[in-house]
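Below, each chain spelled out in residue letters.
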Amino acid sequence: MLYHKDVQGTESHVRHVENTFLFLQEPNAFCRRRFQCEPKYKHIIPMGRACQIVIHLQRNGLRKCAYPFDATRTTFESLKAVLQNDLEDFFTKEVIVPDEKFIEAFVRQGNHAWFPVINTRYNINFPHAFKSREHFLHSFAEVEAAFRRRTIRMFAALDSGDSTLLVRYHISKAEAAELRDIIRRKFPCARFDVLAINDADVVCHDWQLENVIPYRMALAAGTHAMDPAFDANWRRLYLRVLYTGTVPKLFFVIRFFFYRCVRLVGRLRMRMCDMRGS
């Protein structure tokens, strides 16, 4: 009987460690296991600007499929124009050419893994569509078909009436309202919110826009999109937006104080090391 209790205690400890690891590494999976709940949104669709959104959807286990604006560099004017034209000529051979300026920038950075191209009609950059000039020359039809599938998938998600989250960062209040209105006109059946992410110094608490969720946090510079130092910010964002009202609020309170304690302990350890060194 004593042995049985010891085994039970060990198994409980193992489950606790597994849950803690899952919470830190895959918070979306943790919420599904711990609270038996799903995110508020069935579809999460990046709406351009750059690739940070899709990178962190992937890292948090939230990217289920690809969409047309996943890894594009898109100004708001370009996004607005292509949406108003129902993504006509979004990725076709007549308007896609090598982006020589972007290629030179990649070479200066020592990045030889990708061959950037640009849509000359809408001025949309595709830094990661092709891996080399040969890939661009010989596999264009294959990549074009992939973008066509992504476009059809986005239209189907918005037409389905399922809850959908459109995500864009570095977007003003006026731009967020305009994006919302374009989607409403083009997809009358859509049930969606626009998640508008901005830098921490941008004031957005007074937006008061229907179907727009303003959020501010520290964002990586464009050339440091893969920097893991910003992972915690994106993890916190997705947890708050996807599970607010679904997961007990006590969970977020505990999580807040947990991270505060971890930071405090880290600072104390650094101070002790400095004192020993001196």
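Everything numeric in this text was worked out from a predicted model, so none of it was measured.

Conventions we followed
- Residues numbered from 1 in each chain as written.
- Predicted model: local features only at pLDDT ≥ 70, side-chain atom pairs only at ≥ 80, totals over all residues.
- Heavy atoms only, no water.
- Pairing = 2+ DSSP bridges.
- Helix = DSSP H or I, 4+ residues; strand = E, 2+ residues; numbered from the N terminus.
- Axes fitted to C-alpha atoms, helices over the stretch in contact; angles between N-to-C directions.
- Expected span 1.5 Å × (residues − 1).
- Buried < 20%, exposed > 50% of the residue type's maximum accessible area, 1.4 Å probe, protein only.
- Contact = heavy atoms within 4.5 Å.
- Parallel < 35°, antiparallel > 145°, perpendicular 65-115°, else oblique.
- Nonpolar A, V, L, I, M, F, W, Y, C, P; charged D, E, K, R; others polar.
- Polar contact = N/O pair within 3.5 Å; in protein donor to acceptor, adjacent residues only side chain to side chain.
- Lys, Arg positive; Asp, Glu negative; His and termini not counted.
- Salt bridge = Lys/Arg side-chain N within 4 Å of Asp/Glu carboxyl O.

Asker: What is the right way to read the sheet that holds strand β1 (residues 43-46) from this model?
Answerer: Sheet strands pair by backbone hydrogen bonding; their relative direction is either parallel or antiparallel. Overall, parallel pairing links the 4 strands, which are arranged β1-β5-β6-β7 in an open sheet. Only two strands of the sheet have a single partner each, and these edge strands are β1 and β7 (212-216). Direction aside, the axes of adjacent strands within the sheet are offset by 20° on average. Bridge analysis of β1 against strand β5 (residues 163-169) gives 4 bridges, and the strand direction is parallel. Bridge pairing links I45 to L166 in β5.

Asker: Sorry, what's going on with helix α8 (residues 173-186) here?
Answerer: Along an α-helix, residues three or four apart share an orientation, since each turn contains 3.6 residues. A rise of 1.5 Å per residue sets the reference length of α8, with its 14 residues, at 20 Å; its end C-alpha atoms lie 20 Å apart and thus fit the reference within 8%. The set of residues buried in α8 consists of A176, A177, L179, R180, I182 and I183. The elements touched by buried residues of α8 are α4 (76-84), α7 (140-159), β5, β6 (191-198) and β7.

Asker: Please explain the packing of helix α3 (residues 52-59) against helix α9 (residues 231-243) as it appears in this structure.
Answerer: How two helices pack is summed up by the angle between their axes together with the distance between the axes. Running from N to C, α3 and α9 cross one another at 75°; their axes reach a closest spacing of 10 Å. As the angle between them shows, α3 and α9 are arranged roughly perpendicular. Together, Q52, I53, H56, L57 and R59 of α3 and D231, W234 and Y238 of α9 make up the contact between the two elements. In terms of residue class, the contact of α3 with α9 is made up of 4 nonpolar, 2 polar and 2 charged.

Asker: Could you clarify how one ought to interpret α3 in this entry?
Answerer: Most of α3 is tucked away, with 6 of its 8 residues classed as buried. Downstream of α3 by one or two residues, G61 has phi in the positive range, about 70°.

Asker: Hey, could you run me through the side chain of T164 in this one?
Answerer: Along the chain, the position of T164 falls in strand β5. On the basis of relative accessible area, T164 is assigned to the buried category, the value being 0%. Among the polar contacts listed, one links the side chain of T164 to the backbone oxygen of D162, at a separation of 3.0 Å. With sequence-adjacent residues up to four places away left out, T164 is seen in contact with Y41, H43, I45, A157, L158, R191, F192 and D193.

Asker: Teacher, can you tell me more about the side chain of D193 here?
Answerer: Structurally, D193 is set in strand β6. The charged side chain of D193 is buried without a salt bridge, its nearest counter-charge being K40 at 5.9 Å. Within the local environment of D193, its side chain forms a polar contact with the side chain of N211, the two groups lying 3.2 Å apart. Apart from the residues within four sequence positions on either side, D193 is in contact with Y41, T164, L165, L166, N211 and I213.

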